[in-house]
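# Inside the fold
Residues per chain are reported as follows:
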Amino acid sequence: MGHDEHHDHHEPQGIWAKYIFSQDHKVIAVQYTIVALAVGGFGMVLSWMIRLQLGFPGEFDFIRADNYLQFVTQHGMIMVVYLLTALLLGGFGNYCIPLMIGARDMAFPVLNMLSFWTYFVSVILMIAAFFVPGGASGGGWTLNPPQSILPGASPGAEAGIQMLIASLAVFVIAGTMGGLNYVTTVLQLRTKGMTLMRMPLTVWSIFIASILALLAFPALFVGGVMLFFDSALGTSFFIPTVFQGGKLLAYEGGNPILYQHLFWYFGHPEVYIVILPAMGVASDIISTNARKPIFGYSAMVWSMIAIAVISFIVWAHHMFISGMNPFFGYWFAIATLIIAVPSAVKTFNWVFTLWEGNLQLNTPMLFAIGFVSTFIIGGLTGLFLGNVIADVPLHDTYFVIAHFHLVMGISAILGIFAGIYYWYPKVTGRLMNEKMGKTHFWATFVGAYLIFFPMFMVGVQGLPRRYFSFSGITSAPESVGGLNTFISVWALIVGVAQIIFLVNLVISWKTGKEAGHNPWRSAGLEWQTPDIVPGHGNWGAETPVVTRWPYEYSTPGAAEDFIAQDAPAESGAG
Amino acid sequence: MNATVAMNDRNGQTQPFPIPAPKIGVWLLLAAMTLLFSLLLSAYVVRMGQVDWISINVPTAFFGSTGLLVAGSLTAWLALRAIRAGDARRSTSWLAVTLGLTVLFLVAQVFGWQQLLADGVLLSTNPSASFIYLMSGLHGAHVIGGIVALQVVLRRGRSGQYSSQDHLGIELTGLYLHFMLGVWVLMFILLSLT
Amino acid sequence: MVATTLALIMFGIGIGGAALVISKVWWFPELASNWSSIDDTLVITTIVTGIVFVVLHLIMGVSIMKFSTRDGLVAKNWHENHKLEKTLIIIVSIGCVILLGPALGIYANYLDAPEDAMEVDVLGWQWAWGYRLPGEDGVLGRTNPKLFSNSNFFGVDPDDPASHDDQLVFGPLFLPKDRPAKFSMRAKDVIHSFYIPEFRIKMDAVPGIITESWATPIKTGNFQVLCTELCGVSHYLMRSTVMVVEQDAWDGWAQNQMTVAKMMNLSEPEPEPTEKDETADESDGEVAEATESADVESTDSEQE
């Protein structure tokens with residue numbers, strides 16, 4: 001479709017074509033990243049509202065039981081969909097894939113541009129939902145009916161949720177356009193010598209996550225459309241006979257559990273859509289900065305493929321106590337624990353890559369190591385929740401909150417930070433400030449543990465999630481209030497620490513240290529472009545010829561401790 | 001839509017996969033749509049299995065529309081066969097017929113909805129009614145996408161952009177229409193089951 | 001400097017985390033039901049995952065100490081060890097089987113309530129819990145969501161004779177100690193979830209279907225019921241109390257509960273209107289009112 005534009009590589013003219021409606025994958029990547037980070041900042045402020053209420057109950061009058069639920073809901077939706085998914089696929093996917101596989105651009109540049117602008121529209125719709133009558137939805141990020149769409153339950157049960165569903169539908173379209181592009185590009189536009197098993201793990205992970213996105217988002221779309229019909233047009237797909245507000249409502253015959261199946265059929269692969277790219281980015285950064293080839297490359301690839309396949313048959317482990325046929329519990333518990341095996345393989349491989357390396361503890365490396373740590377604790381606590389009977393007392397408590405924040409929230413965002421610090425010099429030609437970067441890391445990483453480890457403790461005491469106030473709960477000791485205050489204080493500190501990152505991001509653009517061609521002395525193809533900051537078309541007259549895998553570090557007998565992917569074959573073992 | 005461009009853009013290097021990029025893109029799109037419609041149909045089958053299911057007679061117009069979609073799929077194939085044989089003019093004519101048939105299909109679907117309404121079957125009457133409207137509506141929305149593609153291909157065909165060697169647009173648009181036919185036939189069978 | 005700090009943090013995370021868990025400063029509330037097997041599963045899982053957590057963090061800490069860059073340090077180039085990988089995969093698989101095997105057995109037990117269990121119909125609505133006991137005949141009458149009304153609060157089918165002696169409880173639910181109680185759950189409006197932390201049981205109450213869970217209380221005392229499925233603005237106030245008492249005390253309490261027949265005027269002419277009207281008011285209150293009435297109800301129920 002966009003091949004005519006793709007073909008002639010002359011520089012587009014004018015600020016509109018160059019920076020706004022650009023078809024250059026690098027510009028689109030930056031656009032995605034900036035919008036996603038802005039939206040994520042908003043999502044983080046919403047999380048402060050939640051923590052202010054829980055840490056200092058009653059101190060802040062403007063937080064009420066109704067808008068508290070809106071904060072909870074929108075925080076979850078924004079972070080999972082509009083920040084993590086958009087940034088990892090739209091941002092990193094766009095930036096890294098063509099440069100890492102030696103392509104000049106994406107397979108469909110016009111579609112790529114449309115993908116970003118469609119995403120942008122979905123963000124506008126999501127924000128607009130705050131201003132419709134009744135405000136944004138407060139039905140929880142899973143939007144479970146009947147509660148999410150019955151007026152008189154949560155706020156935003158009419159216009160708010162309809163707007164949000166519209167936004168999600170638009171997002172699904174944007175994601176599909178992007179996904180088609182990433183997958184096709186990886187299959188079609190690899191340069192000479194770039195076999196599948198020579199691709200960096202970042203590319204592999206985004207490739208697999210994009211396939212997951214293509215196959216999982218339709219479930220969100222179908223569920224969303226049906227929910228929209230129930231809400232706006234009075235159908236009864238998900239709403240059975242219900243008695244509310246002193247009367248029987250007009251709904252009849254719907255099945256609320258059907259919605260949960262559709263939602264989690266999307267929702268579980270979604271977890272891997274955001275964590276796989278973070279895994280890929282961390283793998284590449286760890287290998288580069290350990291000056292050591294990634295341990296078990298093919299095991300890494302195959303475990304990602306295994307995770308992706310199994311991720312489609314574990315969705316109902318979110319529904320052990322939902323009222324679905326309880327006998328499904330056996331199957332979903334077994335499948336869930338099976339998925340622990342490839343996840344463990346990946347974790348061991350990161351740890352082995354560190355062992356006997358020559359660790360360069362720069363900011364990207366710190367974040368990548370932080371990622372491994374939070375993925376370990378998040379993944380291990382998943383063994384409680386996936387193991388059906390152990391899930392029963394913990395389900396919907398703060399244990400779950402701590403678990404998924406660590407495994408897919410914190411881990412993914414640490415991966416994102418690692419990637420931004422790592423590829424920033426590629427985008428701008430300048431390094432981000434190391435001192436500020438390290439401060440940012442200490443605060444974020446240590447803070448994450450100080451927030452979420454206590455949250456496990458809150459959870460085991462049985463405190464349920466989505467509670468506006470815990471006062472009067474007799475099963476938990478008084479000290480749980482102190483824990484909550486502790487968590488909130490750290491949440492605020494970590495939040496403020498993100499300002500350091502923001503400042504660093506902005507000021508380094510013009511004043512950062514000049515990076516040179518290959519600041520991390522990486523073997524990866526993306527650092528071998530003719531220009532430090534690659535121009536339109538990325539490569540010179542010829543795309544590079546790849547002779548080896550991207551992890552050629554500390555090869556015995558080599559002149560340097562890395563051999564670039566496109567170095568001529570005779571200069572080292574392929 | 002020009003596949004040869006992608007082939008040549010790589011300094012004469014061999015393609016990793018001997019399939020043009022747009023074709024892969026369309027196949028991926030169809031994979032995503034397969035998921036979309038199979039989830040919708042699964043939801044329908046699950047709901048059908050519940051004891052309180054009331055089935056509704058499929059409107060007679062849907063039989064006609066099914067015929068139109070079959071015919072459209074057939075003429076799309078004839079258009080492809082014609083361009084493969086190098087007969088661009090005949091191919092363009094078949095494309096025009098396909099476009100007409102596909103538009104008529106949508107008209108017939110709307111007519112079917114009117115029949116339902118005339119029978120007092122509203123969207124929210126009961127779950128089976130809601131499903132008929134939702135399934136045919138979502139399918140129809142995707143057929144509109146096919147109509148847009150057909151118009152583009154037809155315009156390109158008229159300006160002589162296709163040849164016996166280079167006709168990926170016609171092929172992929174046809175593929176999309178065949179897929180839409182397959183989805184509809186499956187839906188139609190399920191809707192007719194009582 | 002960076003290396004030492006990071007290594008110390010890794011050790012701190014591993015050892016500190018373990019210490020915090022082992023010290024049990026914060027742990028599950030004291031068990032008050034038969035589900036000690038669930039607690040055992042949680043403990044086994046904590047030990048297995050805890051060991052992996054600590055070991056991995058110690059290894060990472062040591063790697064960072066030993067292998068952070070310095071003059072003359074060269075990374076070793078090894079990157080495959082199929083034997084090691086296979087061994088680890090086998091160990092992980094064994095770990096998963098250890099976690100899964102017993103747990104699935106306990107789950108089977110959880111799905112299979114004892115024959116002699118006392119049935120309790122648990123009804124959730126925005127934002128309170130109500131209970132229905134089977135009465136003298138020991139059988140709960142049929143219900144139908146279409147029969148919910150302000151006079152038929154539980155949606156029971158009056159045509160089913162078994163329903164007439166069913167007893168309706170709006171205050172705290174009394175349960176006899178050491179007798180299994182099977183909770184069948186229904187919801188009137190949206191999805192709720194019935195959770196008693198000390199019993200370790202939790203199950204969603206879903207409108208339109210009946211879900212089940214069971215437990216045998218083994219300690220007398222008052223235990224709080226929490227709603228754990230977001231059900232609207234006052235979700236956090238949707239609480240109730242289960243009071244576990246000795247069998248004879250329970251018998252005395254059970255005799256005085258209002259029957260369906262009485263409440264719905266099925267046989268006797270004089271129902272007690274107060275309680276009925278009060279609940280009817282609650283159900284159609286505005287959000288703010290309902291919040292208050294949920295408050296009022298919980299305090300009421302404590303006093304009863």
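Residues numbered from 1 in each chain as written. Chains lettered and ligands numbered in written order. Predicted model: local features only at pLDDT ≥ 70, side-chain atom pairs only at ≥ 80, totals over all residues.

### A few points about the overall build of chain B
To keep things clear, this is the line we draw: Helix and strand labels come from DSSP, where a helix needs a run of H or I of at least four residues and a strand needs a run of E of at least two; each type is numbered from the N terminus. In this scheme every C-beta is placed from the backbone, and a residue whose C-beta has 20 or more other C-beta atoms within 10 Å is buried, one with 12 or fewer is exposed, and one in between is partly exposed. Distance between backbone-placed C-beta atoms decides contact: two residues are in contact if it is within 7 Å.
In terms of helices and strands, chain B carries six helices and zero strands. In terms of overall dimensions, chain B has a C-alpha envelope of 65 × 35 × 20 Å along the principal axes. Counting only residues that meet the buried cut, chain B has 40% of its 194 residues in that class. Counting only contacts in chain B whose residues sit at least 6 apart along the sequence, the fraction spanning at least 24 positions is 79%.

### Brief notes about the interface of chain C and chain A
To keep it simple, the criterion reads: Here the nonpolar group is Ala, Val, Leu, Ile, Met, Phe, Trp, Tyr, Cys and Pro; Asp, Glu, Lys and Arg are the charged ones; every other residue, Gly included, is treated as polar.
The interface is formed by 85 residues belonging to chain C together with 91 residues belonging to chain A. When contributions to the side of chain C that touches chain A are tallied by element, the ones reaching two or more residues are α1 (2-23), α2 (36-67), α3 (82-111), β6 (192-196), β7 (201-205) and β9 (221-227) of chain C. When grouped by side-chain class, the residues that make up the side of chain C that touches chain A number 51 nonpolar, 22 polar and 12 charged.

### Side note on the packing of helix α11 (residues 363-385) of chain A against α2(C)
To be explicit about the condition: Every axis in this analysis is a line fitted to C-alpha atoms, fitted for helices over the stretch in contact. Angles between the N-to-C directions lie between 0 and 180 degrees. Should an angle fall under 35 degrees it is called roughly parallel, over 145 degrees roughly antiparallel, and 65 to 115 degrees roughly perpendicular, with every other angle called oblique.
Where α11(A) contacts α2(C), the two axes come as close as 9 Å, and the packing angle between them is 170 degrees. In terms of orientation, α11(A) lies roughly antiparallel with respect to α2(C). Contact residues: α11(A) offers Ile369(A), Ser373(A), Ile376(A), Ile377(A), Leu380(A), Leu383(A) and Phe384(A), while α2(C) offers Thr45(C), Thr49(C), Val52(C), Phe53(C), Leu56(C), His57(C) and Met60(C). Tallied by class, the residues present in the contact of α11(A) with α2(C) amount to 10 nonpolar, four polar and no charged.

### Some details on the sheet that holds strand β3 (residues 167-169) of chain C
All names here are of chain C. Stated formally: When DSSP finds two or more bridges between a pair of strands, those strands are recorded as paired.
The strand order across the open sheet built from six strands is β8-β5-β1-β2-β3-β11, with neighbouring strands paired in mixed fashion. Each end of this open sheet is capped by a strand with a single partner; those strands are β8 (211-215) and β11 (258-259). Relative to β3, strand β2 (residues 128-133) runs antiparallel, the two sharing three bridges. What sits directly across from Arg132, in β3, is Leu168.

### Description of α3(C)
To keep it simple, the criterion reads: Working rule for helices: expected span equals 1.5 Å times residues minus one.
Taking 1.5 Å as the rise per residue, α3(C) with 30 residues should run 44 Å; its terminal C-alpha atoms sit 42 Å apart, in good agreement. Taken together, the buried positions of α3(C) are Val92(C), Gly95(C), Cys96(C), Leu99(C), Leu100(C), Ala103(C), Tyr107(C) and Tyr110(C).

### Overview of the packing of helix α4 (residues 65-101) of chain A against helix α8 (residues 256-290) of chain A
All names here are of chain A. Stated formally: The sense of a crossing depends on the near helix, which, turned anticlockwise from the far helix by less than a right angle, makes the crossing left-handed and, turned clockwise, makes it right-handed.
At a minimum axis separation of 10 Å, α4 and α8 run at an interaxial angle of 45 degrees. When the interaxial angle is binned, α4 and α8 end up oblique. Regarding α4 and α8, the two cross each other, and that crossing is left-handed. In this structure, α4 contributes Val80, Leu84, Thr85, Leu88, Leu89 and Phe92 to the contact, and α8 contributes Glu270, Ile273, Val274, Pro277, Ala278 and Val281.

### Things to note about the nonpolar core
Across soluble globular proteins, you tend to see nonpolar side chains buried next to one another. All names here are of chain A. We count it as follows: Only buried residues count toward a nonpolar core: Ala, Val, Leu, Ile, Met, Phe, Trp, Tyr and Cys, linked into one set through C-beta atoms within 7 Å.
Residues Val203, Leu212, Val222, Ala278, Ala282 and Ala418 are the most contacted members of the largest nonpolar core, which totals 345 residues. When residues in this core are grouped by element, the largest group, 24 residues, is from α4. Ignoring any residue separated from it by four or fewer positions in sequence, one finds Leu212 in contact with Pro269, Tyr272, Ile273, Ala308 and Ser311.

### Examining the sheet that holds β9(C)
Residues and elements named next belong to chain C. With respect to topology, five strands assemble into an open sheet ordered β4-β10-β9-β6-β7, the strand pairing being mixed. Either end of the sheet is taken by a strand with one partner, and the two such strands are β4 (173-176) and β7. With direction set aside, neighbouring strand axes in the sheet form an average angle of 25 degrees. For β4 and strand β10 (residues 239-245), the ladder comprises four bridges, and the chain directions are parallel. When the bridges of β10 are listed, Leu173 appears paired with Val242.

### A look at the environment of Tyr19(A)
Locating Tyr19(A) in the fold gives a position in helix α2 (residues 14-20). Separated by 250 residues in sequence, Tyr19(A) and Pro269(A) have C-alpha atoms that sit 33 Å apart.

### Comments concerning the confidence of the model for chain C
Using the following cut-off: Known as pLDDT, the predictor's per-residue confidence is scaled from 0 to 100.
In the predicted model, chain C carries a mean pLDDT of 86, and 88% of its residues have values of at least 70. Our summary of model confidence lists the complex with pTM equal to 0.91 and ipTM equal to 0.93.

### A few points about the environment of Glu30(C)
Tracing the backbone shows Glu30(C) in the loop between α1 and α2. Each C-alpha atom, one on Glu30(C) and one on Phe199(C), is 8.9 Å from the other, the two residues being 169 residues apart in sequence.

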